[in-house]
Amino acid sequence: MVDASVVELADRIRALLGGAGEIEERAMFGSCAFLSGGRILVGARKGGVLLVRVEAERAAALLTERGVSRAVMGARTMSDNWLDVSPEVIADDAALMQWIDVAREDAGAA
């Protein structure tokens, strides 16, 4: 069963992407992932956490920002290029869109 916060965040992401034709949506591990070219850009995770995929070189700088941490799935810390962004950081759509744009830039999908 998907957490209500996942559904809410996925709805916000979907609305901001505006039906971008190159974006595919998939349910994965209790989350909702948004992919471009078969690669995850962002995901809506339990608790309203945003999963963001970035270039590993950029991740170090982004990790210094408030509410950003390396993503953890189960007991496993994911690789350097996966970040979790807390719900407080993406509370408004402008902030959420900034993180979506970061992921799209790093994926070459902007």
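In this text the structure is predicted, and so the values were computed from the model without any measurement.

Novice: What am I meant to see in helix H3 (residues 93-107) here?
Specialist: Given 3.6 residues per helical turn, the α-helix brings residues three or four places apart onto the same face. With 15 residues, H3 extends 21 Å from end C-alpha to end C-alpha; this agrees with the ideal 21 Å at 1.5 Å per step. Buried within H3 are the following residues: Ala95, Leu96, Met97, Trp99, Ile100, Val102, Ala103, Arg104 and Asp106. Summarising the contacts, the buried residues of H3 are in contact with helix H1 (4-17), strand S3 (39-45), strand S4 (49-53), helix H2 (56-62), strand S5 (68-70) and strand S8 (82-85). Its side-chain oxygen at 3.0 Å from the backbone nitrogen of Ala94, Asp92 defines the N-terminal cap of H3.

Novice: Just checking my understanding: could you explain the pairing of S3 for this structure?
Specialist: Two faces make up the sheet, and in a regular strand the side chains alternate between them. Among the seven residues that make up S3, six are buried, leaving the element largely enclosed by the rest of the structure. By the bridge criterion, five bridges tie strand S2 (residues 31-36) to S3 in an arrangement that is antiparallel. Among the inter-strand pairings, Leu35 is bridged to a residue of S3, identified as Ile40. The loop that links S2 with its antiparallel partner S3 comprises two residues; one of these, Gly37, has a positive phi angle of about 60 degrees.

Novice: I'm lost on the sheet that holds strand S1 (residues 23-28) in this one. Help?
Specialist: Pairing between the strands of a sheet is mediated by backbone hydrogen bonds and can be parallel or antiparallel. One open sheet accounts for six strands, arranged S1-S2-S3-S4-S8-S5; its pairing is antiparallel. Only two strands of the sheet have a single neighbouring strand rather than two, namely S1 and S5. Along the sheet, successive strands turn relative to each other by an average axial angle of 25 degrees, direction set aside. This element, H1, spans S1, S2, S3 and S4 of the sheet and lies at about 135 degrees to S3.

Scoring rules and cut-offs
Here the residue numbers are simple positions, counted from 1 along each chain's written sequence. It should be noted that, the model being predicted, local features are given only for residues of pLDDT at least 70 and side-chain atom pairs only at 80 or more, the latter also being counted only at that level, while totals for whole chains, interfaces and linings use all residues. Side-chain metrics in this entry use all non-hydrogen atoms of the structure; hydrogen atoms and water are not considered. Numbering of helices and strands runs from the N terminus; a helix is a DSSP stretch of H or I covering at least four residues, while a strand is a stretch of E covering at least two. How far a helix is expected to stretch is found by multiplying one less than its residue total by 1.5 Å. In this scheme, a residue with accessible area under 20% of its type's maximum is buried, one over 50% is exposed, and one in between is partly exposed, where area comes from a 1.4 Å probe on protein chains only. Contacts are residue-level and defined by heavy atoms, with any inter-residue pair within 4.5 Å sufficient. Counted as a polar contact is a pair of N or O atoms within 3.5 Å, where, for protein atoms, one must be capable of donating a hydrogen and the other of accepting one, and residues adjacent in sequence contribute only when both atoms are in side chains. At least two DSSP bridges between two strands are needed for those strands to be called paired. With axes taken as lines fitted to C-alpha atoms, and helix axes fitted only over the stretch in contact, angles between N-to-C directions fall between 0 and 180 degrees.

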